[in-house]
Structure formats: structure tokens, C-alpha cells
Amino acid sequence: MRDTRFMNEANPDARPLSSLLDALLRYAISPSEWQQFLDELANNGQALEEVDPQELLSHLSRAESVAWNLRGQQQKPALAQRITVDRRGLVIDQENTLPELTEYLHAADGKPLTFADERTLASWQQALDDLASNPDRGQVLVVLHATSQRRFGYATKTDSGYALLIPGAVPSDTLASLVKSSFALTDSETRLVMQLATGAPLKSCAAAMHISINTARNHLQSVFDKSGIKRQSDLILVVTQLGVMLAGVGQPSMVNPAATAPDHQFIVLDSGRRLAYRRYGDSRGEPCLYLHETVGSSLLPPGTQERCDELGLLLIAVERPGAGFSDSDAGMTFESVARDNASLLEQLGLDKVALLGHMSGAAHALSLAAIAGEKISGILCVNSRLPGPGGEANKTRSLNLITSRLLKQPWLVRTFFNILRNRASDKVNRDILRSVCSSESDKRLFAKEPAILDHITTYTQESMTVTAAGMVSEITCFARDSLPDLSHIHTPIRFWHASDSAITSADPVRVFLAADERPERSLEVRDGAGTMMLYARWHEALICLQQMAGKS
């Protein structure tokens, strides 16, 4: 009898919920593949009323457990290999070459990837065919043969072609411990999984464990039930992926930009919540307030302290509820955040400030102006992300894809961001940033000034120091709330926007300005500036703030 718990009988063409939950597990293992999870989310047509709530909860818990347990493992660099080929099959990049793979394959830059055994070539070609024919397929198992031995890797898509990832000598006890804790397996079930991951057939595994084949089958079925995985090949793929993640392919080393940043300071709000902030520059300078993007913190670019001193600025960077070290606020709205920031200004004794809002921080800057009125001397909004309609150009932007698709399945929002927080690391955050900030301008910026990528990587991690609640609250706020009425204020507002921002278009800003045309409100669209325009033009932004603050 067919199991219909995860099938959509009303729409048989829609993908079942089981596909989405499998994709969620893949995302927990490799968050940089978030786009594949969102693609699966868009194609899913399952009605939640048809799903057993306990089984759904177990799948969510399982994904979060995998992400949490991976977070707790110390990654060891140079213990895995990644080989990237273009669409013609020529090797264009290699990371962390493993000498023990020479009996399986040969990779030389600019040459075709070759294999010692025809069975490996067949497995690799089949994987590429699967990836090419199935746009939603994230990773495909590749079996590598050498004489009587086998090992596993997996193929995945890249911007330039395909990559083959092969785990190296990750200590088996470390990997076994991760597999066991992630899926709540018994010792016997874990041993069976690790035996299968060597490529041995089930009968041989049973013999090695001194158990009957029927007992081995029972163990395997229990593993399937606990992990949510349905096939032996998929189980091996998951273990292979975990092995690659433990090995830490291509993990760069970096100097922590937060090491030289000012210390956090705090105020306590009337509600009892704590609000965290940092102060940069001249304590007697013109006061300004910085409002960060969604996955941001109070960490500002290196050199900000010195530049603010030179310009005579006191720049205060405040962390929104649930970001960095600020306490979360489950009922967060634009107005509630504005009142938090107004309390900050009051407690610090600041009677007049200029505001700098970056991306989603622009909406919060405008909201603060709505209640603070004459206290705001001017607002600079860079690559603004505003709520409400923004035209067709905004619908395909990465952040809007996350928002629109996750909110169709609100039960997934918290798990999605908890996984992101649990897996946060230099490598994971860099991979995601490169994926999100994908314009040619961003690529040139990161290549020319790698310190900027280091900085963004660090503050995204700092944003998730305590919790992922800030991201959850923000995505909900933008979906359900709207900006307050700004018609009563006459604060100068300048918008800078990059024409090629990968996160948001300038259309929502044009809509905002068209609704209330005033000479003191302007939009400047810059070609070739990129998503991270603010950091490329940081000194220019500080000078603009100085001019606005000086009007006080």
C-alpha cells in the first residue's frame, strides 16, 4: 500500500513534502547550497494539513541537530579534495589535493579529469547527467573504484561547471560520533552506517559485525526511520557530505576584524530588554547613528575609529533586537525598533543625530525619523530594502526569494535561520556571501579588497552570536509591517543605490519618493557599484554624514 503521508493527492504534479525535507537536511549539512533548498521550497505543493505533526517536527529537529553537531566539530583543513571542471570537462581549479587519490584519478589544470577505472568514469558521467537534467538536484553520489577498493565523493554544480568533492582522512571515530549524535542512532546502527560508507555490501557488513543479515536489515531500516533517508545510496551520500564538511575544504584563514573594534556597550530599555551598541570616533564629535542590514551587527569597517576622529564624528552603531548582543523581541515591528532607538538616543543624551541606514537598516532609519522628528538632522540610505511593492525587478533578488518562499511555509522560518546560525563559520559565511553578492562589481571588490570580505564575514557571524531570532523577527516584520507616515517630517533624505545590487532594486525607493516628492529627498543610482557599495565608498558615506550632522 502506498504511503501518502508526504504526497499531494490534489496536485500529483507538485513535488511531495518528503523532497523538501530531504533538501532541508542537505541544507543543514551544506548551508552554502541554500539556493537548492529554496528551489525545492518553490516547487513544493504539499498541504500541511495532510502531514503528521509529530513526524514533521522530528524532521525539523533532525535537521537542526545535524547543523548543531557539525558546528561543534573542529574542522581540519587540507583533508578533503575539491576538483572543479568547466562544462567541457577541463579542470579549472583544485583545492587541498590528497596524495592517496592518485590511484583513483588524475587532475591537471587545463586538462580533462581522468579516472583509473572505467567504472568511476561511468559513475562521474552519470552524476553529471543527473545534475544537468534535474535543475533541483543538489548533489549526486560518485563511486570511485581502484582495483578492489571503493570510496565515495559527490558531484555538485558550480557557476562555471561542476565540482567533485572527496573526503580525506577524517578520523572515523569523529565522523561516527557526528553521524550517531545527529540521527540519534544506537552504537550498532552507527557501526553499520560506517561499514556501509566504506562501500561494503550489506552482507559483508553483517559478517564484519558478527550479526545475521536479517539483523543488519533491521538495523538499516531503523537508520532509515530515524534519519528520514529512504535509500542506501542516499545514506552514503549524506555520510560522504558530512566527511567533506568535517575535513573543511578550502577553509581560508583570516584575521578577525573584531579584534580591534571598540567594546560593546549596553542600555536597558523600559521593557527590561538589553540593547547593545558600539561607539566610534570622537566622543565630543557630531553624533550619528548607524543602522545595519538584516544579518549585521555593530561591527564597522576597519579604520572607522580613525576616520571618524578625523571628521569630528561620533558614530554609534546599534544592534537590533535579536542581532549581536541585543535581546530579542518576538513582537518586533518598525515602530517598536524605532522606539528602542529613540530610547537609546535619550539615554545617551543625544538631541540631534544624522542617520545611516544600510539595506534593511534604511527602513528602520526612516521609522526612527517618523517618531524622533526634529532630532534627526538628515538620513543617508544605501542600497535600501524597503517593505511593500517594488516592481518586477525586485522579485528575483536573492533576499526577496528567501523571504517570499519561506513565508509560504512559516513553520520553516525558524529552522532555516537556526541552521544558518548553527553552521556559521568563516568558510560557510564566505560561501554564502559570494553567492548572495554575485554581481560582477561585488566580485571585483572582493578580489581588489579582500579585507572587506573578511569584515563582512566577521560581522555576519557576530550578528548570530547569541541567537537567530533577529533574522526571524526581521523577515516577519518586513512581510507583515509597513513604514509609518513620513509626510509630517522635513528631514533631508538621500538614497544611494547600486544599479547592479544583487539584493534589491531601486524600484521601492522610486515608489517611496513618488508618493511624496520633495526637493530635500533624492535618489542617486550608481552604475557598477554592487551590493556592497557602502563598504567600497565608506569614507564618502562618512563625509556625507558629517555634512548632514553639521546642519544641526
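Check the entry above for the structure.
Quick caveat: nothing in here was measured; it's all calculated off a predicted structure. (Residues numbered from 1 in each chain as written. Predicted model: local features only at pLDDT ≥ 70, side-chain atom pairs only at ≥ 80, totals over all residues. Heavy atoms only, no water.)

## Considering the pattern of salt bridges
All chains considered together, the criterion is met by 17 salt bridges. In this structure, Asp-234 engages Arg-231 in a salt bridge whose closest nitrogen and oxygen atoms are separated by 3.2 Å. A relative accessible area of 16% means that Asp-234 is categorised as buried. Relative accessible area serves as the criterion here: at 46%, Arg-231 is assigned to the partly exposed category. Residue Arg-537 pairs with Glu-540 through a salt bridge whose shortest N-O separation is 3.7 Å. (Salt bridge = Lys/Arg side-chain N within 4 Å of Asp/Glu carboxyl O. Buried < 20%, exposed > 50% of the residue type's maximum accessible area, 1.4 Å probe, protein only.)

## Some remarks on the sheet that holds strand 1 (residues 80-86)
As summarised here, the arrangement of the five strands in space is 2-1-7-6-5, forming an open sheet in which the pairing is antiparallel. At either margin of the open sheet sits one strand with a lone partner, and together these are strand 2 (91-95) and strand 5 (139-146). Neighbour-to-neighbour, the strand axes of this sheet turn through a mean angle of 25°, independent of strand direction. For strand 1 and strand 7 (residues 161-167), the ladder comprises seven bridges, and the chain directions are antiparallel. Bridge assignment links Gln-81 to a residue of strand 7, and that residue is Ile-166. In this fold helix 4 (residues 118-133) packs onto strand 1, strand 5, strand 6 (149-157) and strand 7, with an angle of close to 170° to the strand it touches most, strand 5. (Pairing = 2+ DSSP bridges. Helix = DSSP H or I, 4+ residues; strand = E, 2+ residues; numbered from the N terminus. Axes fitted to C-alpha atoms, helices over the stretch in contact; angles between N-to-C directions. Contact = heavy atoms within 4.5 Å.)

## Things to note about the environment of Ser-181
For Ser-181, the location among the structural elements is in helix 5 (residues 172-183). What makes Ser-181 partly exposed here is its relative accessible area of 38%. For Ser-181 and Asn-69, which are 112 residues apart along the polypeptide, the C-alpha to C-alpha distance reads 7.1 Å.

## Observations concerning the sheet that holds strand 13 (residues 376-382)
Strand order in the open sheet formed by eight strands is 8-9-11-10-12-13-14-15, and the pairing between neighbours is mixed. A single partner strand is all that each edge strand has here, and the edge strands are strand 8 (265-268) and strand 15 (521-526). Here the strands of the sheet are splayed against their neighbours by 20° on average, with no regard to which way each runs. Against the sheet, helix 10 (residues 304-311) makes contact with strand 9 (274-281) and strand 11 (313-318), and its axis sits at roughly 65° relative to strand 9, the strand it touches most.

## Notes on helix 19 (residues 507-515)
Turning to helix 19, its buried residues are Pro-508, Val-509, Phe-512 and Leu-513. Angular distribution of buried residues about the axis of helix 19 spans 135°; they occupy a single face of the element. Across helix 19 from its buried face, at more than 90 degrees, point the exposed residues Ala-514 and Ala-515. Here the buried face of helix 19 lies against helix 12 (361-372), strand 14 (493-498) and strand 15. (Arc of directions from axis to C-beta.)

## Focus on unusual backbone geometry
Non-glycine residue His-210 carries a positive phi angle of around 60°. Structurally, His-210 can be placed in the loop between helix 7 (202-209) and helix 8 (213-227). Despite not being glycine, Asn-383 has its phi angle at roughly 45°, a positive value. Position of Asn-383 relative to the elements: it lies in the loop between strand 13 and helix 13 (398-407). Given a relative accessible area of 1%, Asn-383 falls into the buried group.

## Some points on the side chain of Ser-367
Relative to the assigned elements, Ser-367 resides in helix 12. Residue class for Ser-367 comes out buried when judged on its relative accessible area of 1%.

## Overview of empty space enclosed by the protein
Unfilled space is identified by rolling a water-sized probe across the atoms. Inspection of every chain in the model, using the stated rule, returns six cavities of 30 Å³ or more. A volume near 50 Å³ is recorded for the second largest cavity. The wall of the second largest cavity is formed by Leu-21, Asp-22, Leu-25, His-59, Arg-62, Ala-63, Ser-227 and Gly-228. Within the residue set of the lining of the second largest cavity, elements represented by two or more residues are helix 1 (17-29) and helix 3 (53-71). Its residues assigned to classes, the lining of the second largest cavity comprises three nonpolar, three polar and two charged. (1 Å grid on protein atoms, 1.4 Å probe; cavity = no way out; pocket = protein on both sides within 12 Å on 5 of 7 lines; lining within 4 Å. Points joined across faces, edges and corners; volume = space filled by probe spheres on them. Nonpolar A, V, L, I, M, F, W, Y, C, P; charged D, E, K, R; others polar.)

These figures come from the coordinates and say nothing about function on their own.
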